[in-house]
Amino acid sequence: MNNLNLYKERFERVLSDYLNAYPVKFSPVWDAVVYAVSAGGKRVRPALAYMGARIAGAEPEKADKVALAVEFIHNYSLIHDDLPCMDDDDLRRGCPTVHKAFGEGTAVLAGDALLNLAFECIGGAGRAAGYIATQSGMCGMVGGQCLDLANSDNAGVEGESQLDKINSLKTSALFKAALAGGAIICGADEELVSSLELYADCLGKVFQIVDDILDAQSSAEVLGKSAGQDEKNGKVTYVSLLGIDGAMKAAYRLNAECKRAIAKYGPRAEELTRFADYLADRVK
């Protein structure tokens, strides 16, 4: 997807400028922050922020603050998620996880710092700031992580609807923060925001289903993180519930729902339609 590459290039420049200009850099916490956010990744959430601006009729740069804020929140969540008290993972994006590279205490503080950096970026953005806070907090991502902690040793999840709830909060909420947040900061009306929220909710579930399939089928070398972690931690996933084929069918059903959510916007929605297909096809 050519636009995705352009958005990633833009975001890397914006991120580099922000980090270079930051006035206070206490080591080793700052080193851990830079290590975490500079390790690459797909930059899906910044891309969604820029696409939110585009469908709202604005230039991508109008969503730079949203892109930074949501990616900082995403990376803080990864740092904490990898800790021994959570998923206990040693590898992220092909590199040692932050707690392995810097120690657990520094990792916790680096995650805390990133969450605060997010709201330093977006704090003056009014409605968009409040929206991102809601989607990343107890009503969104943190709530999903809480439910996911109970999803171990095959406990806490009895069926697909409960797993959908976990992933709607854990993954989709931050997709909403990025996409709808990018539109909100550009003055989008409620009708557009609602459509983007529905799209993002379905897209986040597609993303998680494909991640479950990749976790079951791929190697650490391909994933850039430890493979088989879900099975190791005894987590219920779309694969354990539905099998590989059933999980893929669920992903494509949700992909179709993504595209229906924005179909009324016609050519304006073409970029988001292609992006939904791109994420669904990662498993191929």
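Please refer to the structure higher up on the page.
Criteria and cut-off values
Residues numbered from 1 in each chain as written. Predicted model: local features only at pLDDT ≥ 70, side-chain atom pairs only at ≥ 80, totals over all residues. Heavy atoms only, no water. Helix = DSSP H or I, 4+ residues; strand = E, 2+ residues; numbered from the N terminus. Rg over C-alpha atoms; globule rule 2.2 N^0.38 Å. Contact = heavy atoms within 4.5 Å. Areas by Shrake-Rupley, 256 points an atom, 1.4 Å probe, with all protein chains shown as cover. Phe/Tyr/Trp six-rings, centres within 6.5 Å; stacked < 30°, edge-to-face > 60°. Buried < 20%, exposed > 50% of the residue type's maximum accessible area, 1.4 Å probe, protein only. Polar contact = N/O pair within 3.5 Å; in protein donor to acceptor, adjacent residues only side chain to side chain. Axes fitted to C-alpha atoms, helices over the stretch in contact; angles between N-to-C directions. Parallel < 35°, antiparallel > 145°, perpendicular 65-115°, else oblique. Core = buried A, V, L, I, M, F, W, Y, C linked by side-chain atoms within 4.5 Å. Nonpolar A, V, L, I, M, F, W, Y, C, P; charged D, E, K, R; others polar. Arc of directions from axis to C-beta. Expected span 1.5 Å × (residues − 1).

## Here we look at the overall build of the chain
- Scanning the chain from terminus to terminus reveals 14 helices and 2 strands.
- In terms of overall dimensions, the chain is globule-like: its C-alpha atoms have a radius of gyration of 18 Å, near the 19 Å expected for 284 residues.
- Partitioning the intrachain contacts of the chain with sequence separation of at least 6 by distance along the chain shows that 75% fall at a separation of at least 24.
- Here the chain has roughly 12100 Å² of accessible surface; of this, 52% comes from carbon and sulfur atoms.

## Describing the packing of aromatic side chains
- Counted according to the given criterion, the structure contains 7 aromatic pairs.
- Judged by centre distance (5.4 Å) and plane angle (65°), the rings of phenylalanine 175 and phenylalanine 207 are edge-to-face. On the criterion of sequence distance, the pair formed by phenylalanine 175 in helix H9 (residues 160–184) and phenylalanine 207 in helix H10 (residues 190–217) is long-range, its members being 32 residues apart.
- Under the relative-accessibility criterion, phenylalanine 175 is labelled buried at 0%.
- By relative accessible area, which is 7% here, phenylalanine 207 ends up buried.
- Between phenylalanine 275 and tyrosine 278 the ring centres are 6.0 Å apart and the planes differ by 20°, which places this aromatic pair in the stacked class. Of this pair, phenylalanine 275 and tyrosine 278 both sit in helix H14 (residues 270–280), 3 residues apart, roughly one helical turn.
- Classification of phenylalanine 275 as buried rests on a relative accessible area of 0%.
- Taken together through their ring pairs, the aromatic side chains of Tyr18, Tyr22, Trp30 and Phe72 make up a single cluster.

## Things to note about the side chain of serine 136
- With respect to the element layout, serine 136 can be found in helix H7 (residues 127–136).
- Relative accessible area serves as the criterion here: at 5%, serine 136 is assigned to the buried category.
- Within the local environment of serine 136, its side chain forms a polar contact with the backbone oxygen of isoleucine 132, the two atoms lying 2.8 Å apart.
- Setting aside its immediate chain neighbours within four residues, serine 136 contacts Ile73, Phe119, Met141, Val142 and Leu174.

## Focus: the packing of H7 against H9
- Two elements in contact, H7 and H9, have axes whose closest approach is 9 Å; the angle formed by their N-to-C orientations is 175°. In this view, H7 runs roughly antiparallel relative to H9, as classed from their interaxial angle. When H7 is examined against H9, the residues Arg127, Ala128, Tyr131, Ile132, Gln135 and Ser136 are found in contact with a partner set consisting of Ala173, Leu174, Lys176, Ala177, Ala180, Gly181 and Ile184.

## Considerations on the nonpolar core
- In this structure, Leu48, Phe72, Leu114, Tyr199, Leu203 and Phe275 are the most contacted members of the largest nonpolar core, which totals 88 residues.
- By residue number, the principal contributor to this core is H10, which donates 13 residues.
- In this structure, leucine 48 is in contact with Phe175, Ala178, Leu179, Tyr199, Leu203 and Phe275, ignoring residues within four places of it in sequence.

## Examining the side chain of threonine 171
- Among the secondary structure elements, threonine 171 is positioned in helix H9.
- Those residues in contact with threonine 171 that lie beyond four places of it in its chain are Gly204, Phe207 and Gln208.

## Topic: the packing of helix H13 (residues 238–262) against H14
- The interhelical angle for the contact between H13 and H14, taken along N-to-C directions, is 170°, at an axis separation of 9 Å. As the angle between them shows, H13 and H14 are arranged roughly antiparallel. Counting all contacts with H13, which are made through Met248, Tyr252, Asn255, Cys258, Lys259 and Ile262, the residues of H14 involved are Leu272, Thr273, Ala276, Asp277 and Ala280.
- Residues of the contact of H13 with H14, tallied by class, amount to 7 nonpolar, 2 polar and 2 charged.

## What about H7?
- Here H7 has its buried residues at Ala128, Ala129, Tyr131, Ile132, Gln135 and Ser136. Summarising the axial view, the buried residues of H7 lie within an arc of 165°, below the 170-degree limit, and thus occupy one face.
- In the core, the buried residues of H7 are packed alongside helix H4 (64–81), helix H6 (104–122), helix H8 (141–149), H9 and H10.

## A short note on helix H3 (residues 44–55)
- With 12 residues, H3 extends 16 Å between its outermost C-alpha atoms, agreeing within 8% with the 16 Å of an ideal straight helix rising 1.5 Å per residue.
- For H3, the tally of buried residues reaches 11 of 12 residues, placing the bulk of the element in the interior.
- Remark: glycine 57 follows H3 within two positions and exhibits a positive phi of approximately 90°.

Interpretation note: all reported values are geometric properties and have no functional meaning in isolation.
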